[in-house]
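Listed below, chain by chain, are the residues.
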Amino acid sequence: MNKALIRLEDIGPGGNYESEEQQAKLLVIAQFLHNEGIPFHLAVIPRYVDPAQGIDRSITDAENDVSLRFVLMLRTLLTLGASLGMHGYTHQYEDSVSGDGFEFAYPDCSANCPPDDRSDALTSLLQLQQSYAYQRVQLAENAFQAADLTAGWFETPHYTASPVQRHIIEICNGILYESPPSAPDARTPVLKLDPDDPFSNGTLYVPTPLNYVAGDNIEEDVARIGQTIKDYTGWKDLASFFYHPYLEFSYIHLRANGTVHYDPNSPLRRIIRYFKQEHKSFVPLTSLTPFIPDFRESGLLNKLTIKHPTLLLAKRNRQPAQLFIRSETDNLWCIATIRFDAPLRLHNGVLSIRPLLTGWPLHPGGTAMTGDYDGDGRMDAAVWYGEPGLCEVALGTGTTLCPAGAWLSEAEVMNWECLTGDFDGDGRHDLCLWNPHSGKAAIAYSFGSGFATPVIQNKVAVREGEIPCIGDVNGDGLDDLVVWNPATGTCRVWLSSCRDLLDAGIWYWAHNLSDSQLSVRLGDVDGDGYEDLVLVDHKTGSWSVHYSSGAAFGPREALFGPWISGEQMIPFAGDLTGKGRVSLLAWSPQLLGGTLDAAINIKDRTME
């Protein structure tokens, strides 16, 4: 069944949606879509301007009856399944009327021409924020925030902006709900990405290839859409269109007794029937991708003043993950404060980097890890030295790290490798150890001030060349062991039973294995309590999510990208917002002076 999208266009606090009757009719349309199980999207113009009529009305006008009713209507629409987006700020300039006029620069303009921005607006963050395009986007977002509304996407008025202004708009927004200028006939979402852009790590364009119904060409456009969707047979084809709901108003009759007659032969209702006849399934925009490109922090090595930093994303239960940074050259440990909650992603990124501990451990190298080793709810640090079989721990106080000595020193596990996770569910992170030559594995359980003698896991085998990772893949509160075999393209799972890891078999098999370098990460992408399998292709920049059912990874799959790639890139998956859903980070030490890229979980940005 092919996916379809519908967007209701040019919705503002004036014009066709000013009166109580007009707003009531828009609610009738929304109720119809809701009853049909159709998620819908609203392109909202936050400020409605009609200079000739002396109207200038915003969703922020708390003393204006029309604005108050309009905002209340938007909130009701949200309960019926609407997704709100910013459709410019005023969708006009000078003497033009909102919805009709242009807001950004375009060629061959002869009257009411919006200003363009100079190319040097893209040379620095300060100049970018002084540009006309940025200020219009910021005004729109400010209006949404003042009205206590959330916009999940942006749409340029008439899909129009100059190249410089479009670039500025892309830098501000991770999703543009419009057909991309570079591919106006695109039938699938397009992730536009310039790897060398210092401000942006990509913008997702969601196209509307079926266009819209023109008010002076209704019958022809309805017939065109009904005929054209028959050609949308590819499994990736997106039958997407937008519609001006005021075209339905003459087909809706609000009766004096409170009942409503909505003509079943209205243009929109006929279009919906065409879609159903062709077995098209309307979906929310949030279903098209698991992640939205968010901030890019370039030049990070200069800010760190660390030549060879190791980044560690510390996983915390129902709390935002923390980003630790270790410098092996001088054994300096720092923590980065990162912002993810700004609606305009340009305002997100690394806010500060604070030192936690220096000169620890005494020896360089080792495998750096983070976890709550003493169970006090604060993140600690550990370094595993495989050659002597030694693990040093530094405990977190909330503001610093304090060395706590060697928590494990075992000749039996000399030259073994190590990862960390909570395998018995007691709130304390343990050590998972394995010998890559023999395949033998063991768990050293934490007792709060040290690690107990490793318990050999007789049913587990982790051999050289295989990639182990730790996560709760069956949702029982215990971390499990997942081992990726790049030679066979298989993922084998060992589930924890508190004291033992039990072989649960192969949970995933890649039938078309890429010849590229792959990284494997675990994280709960959809928020169902099961950590999912995330495979990262370093060559193509494809990030694929294979959802856990509690007994297997898949068959559901979600693709993101092509996004960040490169052999030196280090991927992370972590809950950056504390809402139980992971987002992505990518550290590229050789890109633009060291670049940290983020892609936020789409549900964190658009649903809550």
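Residues numbered from 1 in each chain as written. Predicted model: local features only at pLDDT ≥ 70, side-chain atom pairs only at ≥ 80, totals over all residues. Heavy atoms only, no water.

**Thoughts on the packing of helix H6 (residues 218-228) against helix H7 (residues 267-277)**
Two numbers describe a pair of packed helices, the interaxial angle and the distance between the axes.
So, point 1. Where H6 meets H7, the axes come as close as 9 Å, and the angle between the chain directions of the two elements is 15°. It follows from the interaxial angle that H6 and H7 lie roughly parallel. Relative to H7, the crossing made by H6 is right-handed. Along the contact surface, H6 presents Ile218, Glu219, Val222, Ile225 and Gly226, while H7 presents Pro267, Arg270, Ile271, Tyr274 and Phe275. (Axes fitted to C-alpha atoms, helices over the stretch in contact; angles between N-to-C directions. Helix = DSSP H or I, 4+ residues; strand = E, 2+ residues; numbered from the N terminus. Parallel < 35°, antiparallel > 145°, perpendicular 65-115°, else oblique. Left-handed = near helix turned anticlockwise from the far one by under 90°. Contact = heavy atoms within 4.5 Å.)

**With respect to the environment of Thr399**
So, point 1. Looking at the element boundaries, Thr399 is found in the loop between strand S20 (390-396) and strand S21 (401-409).
So, point 2. Given the relative accessible area of 49%, Thr399 is considered partly exposed.
So, point 3. Taking the C-alpha atoms as reference, Thr399 lies 34 Å from Gln129; in sequence the two are 270 residues apart.
So, point 4. Contact partners of Thr399, with chain neighbours within four places excluded, come to Arg354 and Leu356. (Buried < 20%, exposed > 50% of the residue type's maximum accessible area, 1.4 Å probe, protein only.)

**Thoughts on the side chain of Asn2**
So, point 1. Within the secondary structure layout, Asn2 lies in strand S1 (residues 2-11).
So, point 2. You can call Asn2 buried: its relative accessible area is 10%.
So, point 3. Side-chain polar atoms of Asn2 contact the side chain of Lys280, separated by 2.8 Å.
So, point 4. Not counting chain neighbours up to four residues away, the residues in contact with Asn2 comprise Tyr232, Thr233, Gly234, Trp235, Asp237, His279, Lys280 and Ser281. (Polar contact = N/O pair within 3.5 Å; in protein donor to acceptor, adjacent residues only side chain to side chain.)

**Some thoughts on the pattern of salt bridges**
So, point 1. Taken as a whole, this structure holds 23 salt bridges when the rule is applied.
So, point 2. Glu155 is paired through a salt bridge with Arg7; the nearest N and O atoms lie 3.0 Å apart. In this pair, Glu155 is assigned in the loop between helix H4 (132-146) and helix H5 (163-172) and Arg7 in strand S1, connecting sequence segments 148 residues apart. Comparing Glu155 with Arg7, the two get one shared label, buried.
So, point 3. Taking the shortest distance from any N to any O, the salt bridge between Asp237 and Arg187 comes out at 3.5 Å. With Asp237 in the loop between H6 and strand S9 (238-243) and Arg187 in the loop between strand S6 (175-176) and strand S7 (190-192), this pair connects stretches of sequence that are 50 residues apart.
So, point 4. Judged by relative accessible area, Arg187 falls into the partly exposed class, the value being 29%.
So, point 5. One network of salt bridges, with partners in common, ties together Arg7, Glu9 and Glu155. (Salt bridge = Lys/Arg side-chain N within 4 Å of Asp/Glu carboxyl O.)

**With respect to the state of the cysteines**
So, point 1. A full pass over the atoms with the stated rule returns one disulfide.
So, point 2. The partner cysteine of Cys109 in its disulfide is Cys113, sulfur to sulfur 2.1 Å. The chirality of the disulfide connecting Cys109 with Cys113 is left-handed, given an S-S dihedral of about -105°.
So, point 3. A relative accessible area of 22% places Cys109 in the partly exposed class.
So, point 4. Among the residues examined, Cys113 registers a relative accessible area of 32% and is labelled partly exposed.
So, point 5. With no disulfide of its own, Cys469 has Cys491 as its nearest cysteine by sulfur position, at a separation of 6.1 Å. (Disulfide = S-S within 2.5 Å.)

**Some points on the side chain of Ser98**
So, point 1. Along the polypeptide, Ser98 turns up in the loop between strand S5 (82-86) and helix H3 (125-129).
So, point 2. A relative accessible area of 7% places Ser98 in the buried class.
So, point 3. For Ser98, the side chain forms a polar contact with the main-chain nitrogen of Val49, separated by 2.8 Å.
So, point 4. With near-sequence residues (within four places) excluded, Ser98 lies in contact with Ile45, Arg47, Tyr48, Val49, Thr90, His91 and Gln92.

**Thoughts on the domain arrangement of the protein chain**
So, point 1. Domain parsing of the protein chain yields domain 1 (3-287) and domain 2 (291-604).
So, point 2. When each unit is reduced to the centre of its C-alpha atoms, the spacing between domain 1 and domain 2 is 40 Å.
So, point 3. Regarding the contact of domain 1 and domain 2, the summed buried area is about 1900 Å², with carbon and sulfur atoms giving 60% of it.
So, point 4. Here domain 1 is connected to domain 2 by zero salt bridges.
So, point 5. If you look at where domain 1 meets domain 2, you find 18 residue pairs in polar contact (both at pLDDT 80 or more).
So, point 6. Sorting the residues of the side of domain 1 that touches domain 2 by element identifies H3, H4 and H5 as the ones contributing at least two each.
So, point 7. Of the residues in the side of domain 1 that touches domain 2, the class split is 14 nonpolar, ten polar and five charged. (Domains from an automatic or database assignment. Buried area = accessible area lost by both parts, 1.4 Å probe. Nonpolar A, V, L, I, M, F, W, Y, C, P; charged D, E, K, R; others polar.)

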